[in-house]
Amino acid sequence: MESFAPNNTPFPPLIAAKDGSNFTYASLHDRVPHILTDVINDFYAAIQSRTDSDEAVAEGKQLTSALSRLKHEMVTDKLLTPLEEDGVGDTAKWNSWLAKYFLQATWYSAPFLVWEPYLYRRIAMIFKRSQYWNTYDFFASRKKNTFIASMVAVAKLCARVDKLTRECLEDPSTTKLHLAFIEMLQASLWGNQTDLSMFPDLSNERLEEMQAQISSGENNSKIVSNDTDKIWSIVSRISKGRVDIVLDNSGFELLQDVLLAHWLVSVGIARQIVFHPKRIPWYVSDVTNQDFYWLINALQDPQSVGASGLSSSDEAVLKSLGNQWSSLLASNVWVLKDELFWTGPYGYRYLPSEGSDTWMELVNADCVIFKGDLNYRKLIYDLQWPVSTPFIDAIGPIATDPNAPAVVSLRTAKCDTIVGVDPQRARELFALRKDWMYSGEYGVIQLSPGRWN
C-alpha cells in the first residue's frame, strides 16, 4: 500500500467511541488512568523513602503534582500540548509531528496510537526535566518484582531450553532444528502475554501455567495467523547471519526473547543478535538497557535479587546461562541499540523517511523480529483494517524497500486492530468471544520476506 500521512489514513484510526463501546474508550477512560494513578502512588512511596535529601523530597512533591495535572488533562479531554525540552533528544520531532498532524487534537478525539505513546512520553518528560529524579524508572519495581516472584518458573524454562539446545547440537538435522525453532518462536510469542500494562497481577503459578501451555502445544489453535514455516524457510538459509529483535516487555517475555537469541547463536544460525530496547521507561514493562543487564545479573546471582525457592540445580542452570550471556555481550555477539525512534511519534511504515538512521541499521540484519502488541500496532498503523488485509500491504514501505530484511511480528493481540486473518476465522472468533482482538489470548506470527522474497 502506498504511503499516507499520519492524519490522512486509508481506513479510520482507532478513536474512543462516544458511547463508550470500544476498547480504545475503555483504555482511555479506565485502564490507562489507573496505570497513571499507580505511577503516582508508587512514586509517592519512593519520595517517602528519600531520607537523604530534603531537596529531592520537595522536588518529588512537585513532580507528583505534575503527574496529577497530566491525569486531569487526560480525563477531562484537554488538548495535547507540546513537550517541553528535556534533553532526551526527540522533543523537536514530537512537537513538529503534533503541530503538523494533530494540532487541535484532544485526548478523546486523537487516535489511540497518538494519545497513548504521547502519554508515556509526557510522563518521561516530567522526570527527565527534574534534578534529583531524572534517572528514576517509575516502572522498575513492578518489572523486577514480577520477575523475582517467577524465578522458579524461570529456572524451569531455562533448563528446558538448555536441554533443547544441547539436543540440537548433538543432532543438527534439519528436522530437529525446524521443530526446535517452532518451539522457540512460539515461546517468544506467548511470552508477550506477560504485559504489565494489561495484566498487572501476574503470579508465579500463572507463568508456570503459560509455560505448560506452550510446551504442550495447547496454544497452537490460538495462533490466528501463522507464518512459522515461511519464516523457517528463510531462517534455515541464514548461516552465521544477523538477527535483530525489537524488544517489548521486560521480565519473563525478555527471558523468552533472550533464550531465542541463545538458541539462534548456539546452533549457528546467527553470528550476531542486535537487541533494540527503549531508551526511556515506556508502557509500564517495556525493556530498557538497565532492565536487560539487570536480568543477566539476576541469573548470574539469583540470591542477590532476593529469589527464593530455587534448588541447587535451578541455581546452576541460571548461573551457567547468565555467565554465557554476559560473555556474549562482552564479545559483541549480542549488542544493544536503543534508538530514539522506538519511543518517537511515528509508526514504523515511516522508518525509511523519518527514522532513516534506524532503518539503515535494520537493513544490515537478515531478519528483524518485532515483539509485542505496540510494535505490531506501529508496524501496521493502528487502523480499522479489514482483517483479511495482507500483513505486507499493511506495513507498506518497509516491506517493499528493495533492501528490506525479513520482518517478523510476534504479537498476542491486546488491541482491536489486526490483519492477515482469514475472514471466516475472524467470524468464528467473534462468535466465540467478542473481545478476542484485545483479550491477550490470541496471537499472530506474521512475515514480510523483504529481500528474501
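What you are looking at is a predicted structure, and each value in this text was computed from that prediction instead of being measured. (Residues numbered from 1 in each chain as written. Predicted model: local features only at pLDDT ≥ 70, side-chain atom pairs only at ≥ 80, totals over all residues. Heavy atoms only, no water.)

Engineer: Looking at this structure, I do not really get the overall build of the protein chain. What am I missing?
Structural biologist: A count of helical and extended segments in the protein chain gives 18 helices and seven strands. Against the globule reference of 22 Å for 453 residues, the protein chain gives a C-alpha radius of gyration of 21 Å, in line with a compact fold. Taking the principal axes of its C-alpha atoms as reference, the protein chain extends roughly 60 × 55 × 45 Å. Counting every position in the protein chain, which comprises 453 residues, the buried fraction comes to 61%. Put simply, the protein chain has 43 plus and 54 minus side-chain charges, and the middle of one group is 2 Å from the middle of the other. (Helix = DSSP H or I, 4+ residues; strand = E, 2+ residues; numbered from the N terminus. Rg over C-alpha atoms; globule rule 2.2 N^0.38 Å. Buried < 20%, exposed > 50% of the residue type's maximum accessible area, 1.4 Å probe, protein only. Lys, Arg positive; Asp, Glu negative; His and termini not counted. Charge placed at Lys NZ, Arg CZ, Asp CG, Glu CD.)

Engineer: I tried to follow the packing of aromatic side chains on my own but got confused; where do I start?
Structural biologist: The geometry of an aromatic ring pair is captured by two quantities: the separation of the ring centres and the angle between the planes. Counted under the stated rule, the structure contains 41 aromatic pairs. Considering the side-chain rings of phenylalanine 147 and tryptophan 294, the 5.8 Å spacing of their centres and the 75 degrees angle between planes classify their relative orientation as edge-to-face. Placement of phenylalanine 147 in helix H5 (residues 140-149) and of tryptophan 294 in helix H11 (residues 289-300) is noted, with a sequence separation of 147 residues between them. Note that arginine 377 overlies the ring of phenylalanine 112, its terminal NZ or CZ placed 4.3 Å from the centroid. (Phe/Tyr/Trp six-rings, centres within 6.5 Å; stacked < 30°, edge-to-face > 60°. Lys NZ or Arg CZ within 6 Å of the ring centre and 35° of its normal.)

Engineer: Would you explain the packing of helix H3 (residues 91-101) against helix H4 (residues 112-128) in this entry?
Structural biologist: Helix-helix packing is characterised by the crossing angle of the two axes and by the distance between the axes. Packing of H3 against H4 brings their axes to within 13 Å, and their N-to-C directions diverge by 150 degrees. Overall, the two elements H3 and H4 adopt an arrangement that is roughly antiparallel. The interaxial crossing formed by H3 with H4 has left-handed handedness. Packed against H3, whose contacting residues are Thr91, Trp94, Trp97 and Leu98, the element H4 presents Val114, Pro117, Tyr118 and Arg121 at the interface. A class-by-class count of the residues in the contact of H3 with H4 yields six nonpolar, one polar and one charged. (Axes fitted to C-alpha atoms, helices over the stretch in contact; angles between N-to-C directions. Parallel < 35°, antiparallel > 145°, perpendicular 65-115°, else oblique. Left-handed = near helix turned anticlockwise from the far one by under 90°. Contact = heavy atoms within 4.5 Å. Nonpolar A, V, L, I, M, F, W, Y, C, P; charged D, E, K, R; others polar.)

Engineer: Mind showing me how you'd approach the sheet that holds strand S7 (residues 443-448) here?
Structural biologist: Paired through backbone hydrogen bonds, the strands of a sheet run either parallel or antiparallel to each other. Pairing within the open sheet is mixed, and its seven strands lie in the order S1-S7-S6-S5-S2-S3-S4. A strand with exactly one partner marks an edge of an open sheet, and here the two such strands are strand S1 (223-226) and strand S4 (334-336). Taken over all neighbouring pairs, the strand axes of this sheet differ in orientation by 15 degrees on average, direction set aside. Lying on the sheet, helix H10 (residues 252-266) is in contact with strand S2 (241-246), strand S3 (270-276), S4 and strand S5 (367-371); it crosses S3 at an angle near 160 degrees. (Pairing = 2+ DSSP bridges.)

Engineer: Is there a simple way to think about helix H2 (residues 54-75) in this case?
Structural biologist: Note that an α-helix has 3.6 residues per turn; residues three or four places apart therefore point the same way. Over its 22 residues, H2 extends 32 Å from the first C-alpha to the last, a length consistent with the 32 Å expected when each residue adds 1.5 Å. Turning to H2, its buried residues number three or more, namely Ala56, Val57, Glu59, Gly60, Leu63, Thr64, Ala66, Leu67, Leu70, Glu73 and Met74. Residues of H2 that are buried in the fold lie against helix H1 (23-48) and H4. (Expected span 1.5 Å × (residues − 1).)

Engineer: Please clarify how the confidence of the model for the protein chain should be interpreted in this entry.
Structural biologist: Interpretation of the predicted coordinates at a detailed level should be avoided for regions scoring low in pLDDT. Residues with a pLDDT of 70 or more make up 94% of the protein chain, whose mean pLDDT is 93. The low-confidence segment residues 196-200 (pLDDT under 50) makes 18 contacts with residues lying over four places distant or belonging to another chain. (pLDDT = per-residue confidence, 0-100.)

Engineer: What's the story with the side chain of threonine 288 in this structure? I'm lost.
Structural biologist: Tracing the backbone shows threonine 288 in the loop between S3 and H11. Those residues in contact with threonine 288, other than ones at most four positions away along the chain, are Asp137, Lys143, Pro277, Lys278, Ile280 and Pro281.

Engineer: How do you make sense of helix H9 (residues 228-235) when you look at a structure like this?
Structural biologist: All of the buried residues in H9 are Thr228, Ile231, Trp232, Ile234 and Val235. Each buried residue of H9 sits inside an arc of 160 degrees when the element is viewed along its axis, so together they form one side. Of the residues in H9, the exposed ones pointing more than 90 degrees away from the buried face are Asp229 and Lys230. Tucked into the core, H9 has its buried residues touching helix H7 (174-191), S1, H10, strand S6 (406-412) and S7. (Arc of directions from axis to C-beta.)

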